[in-house]
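Observations on the three-dimensional arrangement
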Amino acid sequence: MHHRQRLAALAAGILLTAGIGATIPADAATERATTQPSTALVVNARWGGHSTFDRLVIDVRGTMPPVTVTPVSALHYDGSGKRVPLAGKFFLEIKLSPAAAHNEAGRSVYEGPRLLKIHLPALKGVALTGDFEGVVTIGAAFDTKPAYKTFTLHSPERFVLDVAHPVGCPA
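In this report, the structure presented in the accompanying data block is examined. (Residues numbered from 1 in each chain as written. Predicted model: local features only at pLDDT ≥ 70, side-chain atom pairs only at ≥ 80, totals over all residues. Heavy atoms only, no water.)

The next thing to look at is the environment of serine 51. By secondary structure assignment, the location of serine 51 is in the loop between β1 (40-49) and β2 (53-61). On the basis of relative accessibility, which here comes to 53%, the residue serine 51 falls in the exposed class. For the pair serine 51 and alanine 164, spaced 113 residues apart in the sequence, the C-alpha separation amounts to 9.4 Å. (Helix = DSSP H or I, 4+ residues; strand = E, 2+ residues; numbered from the N terminus. Buried < 20%, exposed > 50% of the residue type's maximum accessible area, 1.4 Å probe, protein only.)

The next thing to look at is the sheet that holds strand β6 (residues 115-117). On the basis of which strands lie adjacent, the open sheet formed by five strands has the order β3-β4-β8-β7-β6 and antiparallel pairing. The open sheet has two free edges, formed respectively by β3 (67-72) and β6, since each of these has just one partner strand. Averaged over all pairs of adjacent strands, the angle between their axes in this sheet comes to 15°, without regard to strand direction. In terms of strand pairing, β3 meets strand β4 (residues 90-96) through six bridges, oriented antiparallel. Note on β4: the bridge partner recorded for valine 72 is phenylalanine 91. (Pairing = 2+ DSSP bridges. Axes fitted to C-alpha atoms, helices over the stretch in contact; angles between N-to-C directions.)

Of all eight residues in strand β8 (residues 135-142), eight are buried, a share of seventy percent or more. Two strands pair when backbone bridges link them, and β4 and β8 are joined in this way by seven bridges, in the antiparallel orientation. Bridge assignment links lysine 95 to a residue of β8, and that residue is threonine 137. Across eight bridges, the pairing between strand β7 (residues 123-132) and β8 is antiparallel. Across the sheet, residue valine 126 finds its bridge partner in β8, namely alanine 140. Hairpin connection of β7 to β8: two residues between the antiparallel strands, including glutamate 133 at a positive phi of 50°.

What follows is the structure, encoded as structure tokens:
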């Protein structure tokens with residue numbers, strides 16, 4: 001702990017010497033470093049059917065990282081490149097980064113499905129396809145081209161993917 005305080009004091013001295021005049025109290029720097037997780041943890045993926053859409057929710061512990069959703073022709077496992085065996089004709093790849101699905105000791109914190117067939121009107125399957133080099137990837141499978149919207153919810157942190165039911169689909 002004294003090491004961090006010395007580093008903070010040294011940094012403050014350098015800033016003062018350079019004429020910037022800004023100081024960071026050693027206690028504040030130490031507090032920020034210990035209270036903010038360095039990487040968001042992806043802990044679950046869950047889903048539900050609604051009258052006009054299916055919803056996929058990804059639960060995150062920590063600050064929500066940037067998320068990208070990309071339509072792809074097939075899902076592949078990160079690292080190995082092997083094809084994910086989910087039935088479907090259309091797929092979405094959801095990437096959260098920086099994020100991890102494991103803790104600092106290397107143990108998985110993810111409690112959601114690794115590979116699961118789902119029987120909803122739009123959503124047909126979900127798979128954890130990667131937890132590699134600060135990127136967590138989850139794939140979703142569909143029989144028809146998904147019309148979707150995304151958003152985040154807070155307290156607790158969640159990423160939401162809503163996929164409209166196909167036209168003429170019974171609710």
